[in-house]
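Below are the chains, spelled out letter by letter.
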Amino acid sequence: HRRFFAGKAVQGGQFGPAKARPLTVAPGTAVSGIGMQLAQGGSISGKITDSVGNGLSGMSVVAGVETDCSMAQAATATTGADGVYTIVGVPTGKAHVRASGGNHVPRWKGATGSTASYQDSQAIPVVAGQGVSGINVTLPLGGGISGAVTGPDGKPLCCVIVSSGDKACSTT
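Throughout this description, residue numbers start from 1 for each chain and increase along the sequence as written. Reporting in this predicted model follows two pLDDT cut-offs: at least 70 for local features of residues, and 80 or more for side-chain atom pairs to be given and counted; totals over whole chains, interfaces and linings ignore these cut-offs and use all residues. Heavy atoms throughout the structure, all of them, feed into the side-chain values; hydrogens and water do not.

A few words now on unusual backbone geometry. A positive phi is found at C159, a non-glycine position, where the angle reads about 65 degrees. Only DSSP runs of H or I reaching four residues or more are called helices, and only runs of E reaching two or more are called strands; each is numbered from the N terminus. Counting through the fold element by element, C159 comes out in the segment after β12 (137-138). Using a 1.4 Å probe on the protein chains alone, a residue whose accessible area is under 20% of its type maximum counts as buried, one over 50% counts as exposed, and one in between counts as partly exposed. Judged by its relative accessible area of 73%, C159 is exposed.

Shown next, in the form of structure tokens:
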């Protein structure tokens, strides 16, 4: 069984699983007659640039909105040729904007520029039917990783996932 949530935005435009009615759908079955009402959202716009101020084309920009449980991805946009974007349909609340793409290091909109972590990101107040502009993010150029993952015997290992991040992680 999988649980899905159905419902509508409640007073103040809040959304999230705690505000919805749970549905249980058994494998091989369908549930019909579920209606949802979408509340009008606000918009966020700005420009995504490289470290010297050039607009970056084709970057992904995501607005995540704080919910009663955590943060949920609310809406996305892709930058135009000049690096400009507009995200529409952002629910009322506090949004956090993150940009990523190409060979650039992902960054969040911070209070005084761009930041690597969500914890240092700026909460942007969004109100239904209104726009917030000037939410600009600078993405530094990233590097690349290449090579082979081998075992203690020096032989290549199969099916290994390699990832990178801004902080070192310990493994046990």
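Here the narrative resumes.
Let us now look at the nonpolar core. Here the nonpolar core consists of buried residues drawn from Ala, Val, Leu, Ile, Met, Phe, Trp, Tyr and Cys, with membership extended through side-chain atoms lying within 4.5 Å. Grouped together as the largest cluster of nonpolar side chains are 20 residues, with contacts concentrated most on I44, I48, Y85, I87 and V90. Contributions of two or more residues to this core are made by β3 (42-49), β4 (60-66), β5 (71-78), β6 (84-90), β7 (93-101) and β10 (124-126). Note on contacts: a residue pair qualifies if any of its non-hydrogen atoms lie within 4.5 Å across the two residues. For Y85, the contacting residues outside a window of four places in its chain are I44, S45, G46, K47, I48, V61, A77, T79, V97 and I135.

Time to look at the environment of I87. In this structure, I87 sits in strand β6. A C-alpha to C-alpha distance of 6.4 Å links I87 and A75, two positions 12 residues apart in sequence. For I87, the residues in contact, after removing those within four places along its chain, are G42, S43, I44, V61, V62, A63, A75, T76 and A77.

Burial runs high along β3: 6 of the 8 residues are buried. The rule for pairing is simple: two strands pair if DSSP sees at least two bridges between them. Bridge analysis of β3 against β6 gives 6 bridges, and the strand direction is antiparallel. Across the sheet, G42 pairs through a bridge with V90, a residue of β6. Of the pairings in the sheet, the one linking β3 to strand β11 (residues 131-132) comprises 2 bridges and is parallel in character. The residue bridging S43 from the neighbouring strand is G131, located in β11. As paired elements, β3 and β12 share 2 bridges and run parallel to each other. Residue pairing in the sheet places I48 in a bridge with V137 of β12.

Averaged over all residues, the pLDDT of the protein is 83; the fraction at 70 or higher stands at 80%. The predictor's confidence in any single residue is recorded as pLDDT, a number from 0 to 100. Long-range and interchain partners of residues 1-14, a stretch whose pLDDT sits below 50, account for 34 contacts in this model, where long-range means more than four residues apart.

We now examine the side chain of S100. Mapped onto the secondary structure, S100 falls in strand β7. Sequence-distant contacts of S100, defined by excluding residues within four places in its chain, comprise M59, S60, P106 and L139.

Residues with no salt bridge and a relative accessible area higher than 30% make up the patches, which join like charges within 9 Å and nonpolar side chains (Val, Leu, Ile, Met, Phe, Trp, Tyr) within 5 Å. Only the protein chains shown count as cover for residues, and all accessible areas are computed by the Shrake-Rupley method using a 1.4 Å probe. What counts as a salt bridge is simple: a side-chain nitrogen of Lys or Arg found within 4 Å of a carboxyl oxygen of Asp or Glu. Among the surface-exposed residues, I145, V149, L157, V160 and V162 lie close enough to one another that they form a single nonpolar patch of about 440 Å² accessible area. By the element assignment, L157 lies in the segment after β12.

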